[in-house]
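# Understanding the architecture of this molecule
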Amino acid sequence: MTDASCPLPAPYLMPCQTDEGGELVMRVIPMPADANPNGDIFGGWIMAQVDLAGAVLPIRVSRGRVTTVAVNQFIFKQPVSIGDLLSFYARVTRVGNTSVTVHVDVFAERNPAEPHVVKVTEASLTYVAIDAQGRPRPVQPG
Ligand SMILES: CC(C)(COP(=O)(O)OP(=O)(O)OC[C@H]1O[C@@H](n2cnc3c(N)ncnc32)[C@H](O)[C@@H]1OP(=O)(O)O)[C@@H](O)C(=O)NCCC(=O)NCCS
């Protein structure tokens, strides 16, 4: 599935947008160094990636620097494996005075020989737009 604003090469299984309105904001492949002692990917690594991906829309919406103020919800639905191609989709769920809340869904494309897609994580995070001194600033000035 492609569109003019997001032409993707055919091999990708996951499109630029989800049916729920999530926008593709990041793709990454976890490496062996990101694994836990069980051989799955360490949850803290996934949380860091979600935090990065979640910041994309708040930065765009607020036209500047943001910081994470809250992780409202975080669900590890399925384990992530080394070599999975992870696609992160974000959508804004609330714009406040100085804060932007986003929902992030993460899907894994795995087993390139017989590819399939698994939803592995979903989360809700709130970011605060900050000025050069780290103080909250209005998301939409004026
Ligand atoms: C984020 C930070 C700048 C907010 O400063 P503050 O003086 O507490 O700001 P406020 O109390 O005015 O809150 C700012 C916004 O955050 C929201 N907020 C505060 N706490 C929240 C929480 N627990 N959950 C959701 N939103 C929250 C407020 O509702 C407000 O949003 P609004 O203006 O849209 O209504 C400050 O707390 C901070 O610097 N925290 C550390 C951030 C950080 O280091 N993040 C990385 C963590 S690894």
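Cut-offs used in this document
- Residues numbered from 1 in each chain as written.
- Predicted model: local features only at pLDDT ≥ 70, side-chain atom pairs only at ≥ 80, totals over all residues.
- Pairing = 2+ DSSP bridges.
- Helix = DSSP H or I, 4+ residues; strand = E, 2+ residues; numbered from the N terminus.
- Axes fitted to C-alpha atoms, helices over the stretch in contact; angles between N-to-C directions.
- Contact = placed C-beta atoms within 7 Å.
- Core = buried A, V, L, I, M, F, W, Y, C linked by C-beta atoms within 7 Å.
- Buried ≥ 20, exposed ≤ 12 C-beta atoms within 10 Å, placed from the backbone.
- Near = placed C-beta within 6 Å.
- Nonpolar A, V, L, I, M, F, W, Y, C, P; charged D, E, K, R; others polar.
- Expected span 1.5 Å × (residues − 1).
- Bend = angle between axes of the 7 residues up to and from the residue.

Here we come to the sheet that holds strand β2 (residues 66–76). Two modes of strand pairing occur in sheets, parallel and antiparallel, and in both the strands are linked by backbone hydrogen bonds. The five strands lie next to each other as β1-β3-β4-β5-β2, forming an open sheet whose pairing is antiparallel. With partners counted over all chains shown, the strands left at the sheet margins are β1 (23–28) and β2, one partner each. Across the sheet, the axes of successive neighbouring strands diverge by a mean angle of 25 degrees, strand direction being ignored. Contacts from helix α1 (residues 43–62) reach β1, β2, β3 (85–95), β4 (99–110) and β5 (116–129), with the element oriented near 130 degrees to β4.

Core analysis: the largest hydrophobic core is formed by 27 residues, its most contacted members being Val25, Val50, Phe88, Ala90, Val104 and Val106. Contributions of two or more residues to this core are made by β1, α1, β3, β4 and β5. In contact with phenylalanine 88, other than residues within four places in its own chain, are Val25, Met26, Gln49, Val50, Ala53, Val104 and Val106.

Here we take up the environment of threonine 101. Mapped onto the elements of the fold, threonine 101 is located in strand β4. Along the primary structure threonine 101 and valine 69 are separated by 32 residues, whereas in three dimensions their C-alpha atoms are 9.8 Å apart. In contact with threonine 101, other than residues within four places in its own chain, are Thr93, Arg94, Ser124 and Thr126.

The full set close to the ligand counts 13 residues, and Ala70, Gly96, Asn97, Thr98 and Ser99 are the nearest of them. Within the residue set of the shell around the ligand, elements represented by two or more residues are β2 and β5. Counting residues per element, the shell around the ligand draws most heavily on β2, which supplies four residues. Residues of the shell around the ligand, tallied by class, amount to five nonpolar, eight polar and no charged.

What follows deals with the pairing of β4. Counting buried positions along β4 yields nine of twelve residues, so the element is predominantly enclosed. As judged from the ten bridges shared by β3 and β4, these two strands associate in the antiparallel manner. If you follow leucine 85 over to β4, its bridge partner there is glutamate 109. Linking β3 back to β4 in an antiparallel pair, the connection comprises three residues. Here β4 pairs with β5 via twelve bridges, running antiparallel.

Its 20 residues give α1 an end-to-end C-alpha distance of 29 Å, which sits within 8% of 28 Å, the value for a rise of 1.5 Å per residue. Maximum bend of α1: about 25 degrees, positioned at valine 56, with proline proline 58 one to four residues after it. Listed as buried for α1 are Ile46, Gln49, Val50, Ala53, Gly54, Ala55, Leu57, Pro58 and Ser62. On the buried face of α1, the contacting elements are β1, β2, β3, β4 and β5. Phi turns positive, to about 55 degrees, at arginine 63, one or two residues after α1.

So, to be careful, I would describe these as geometric facts and stop short of saying anything about function.
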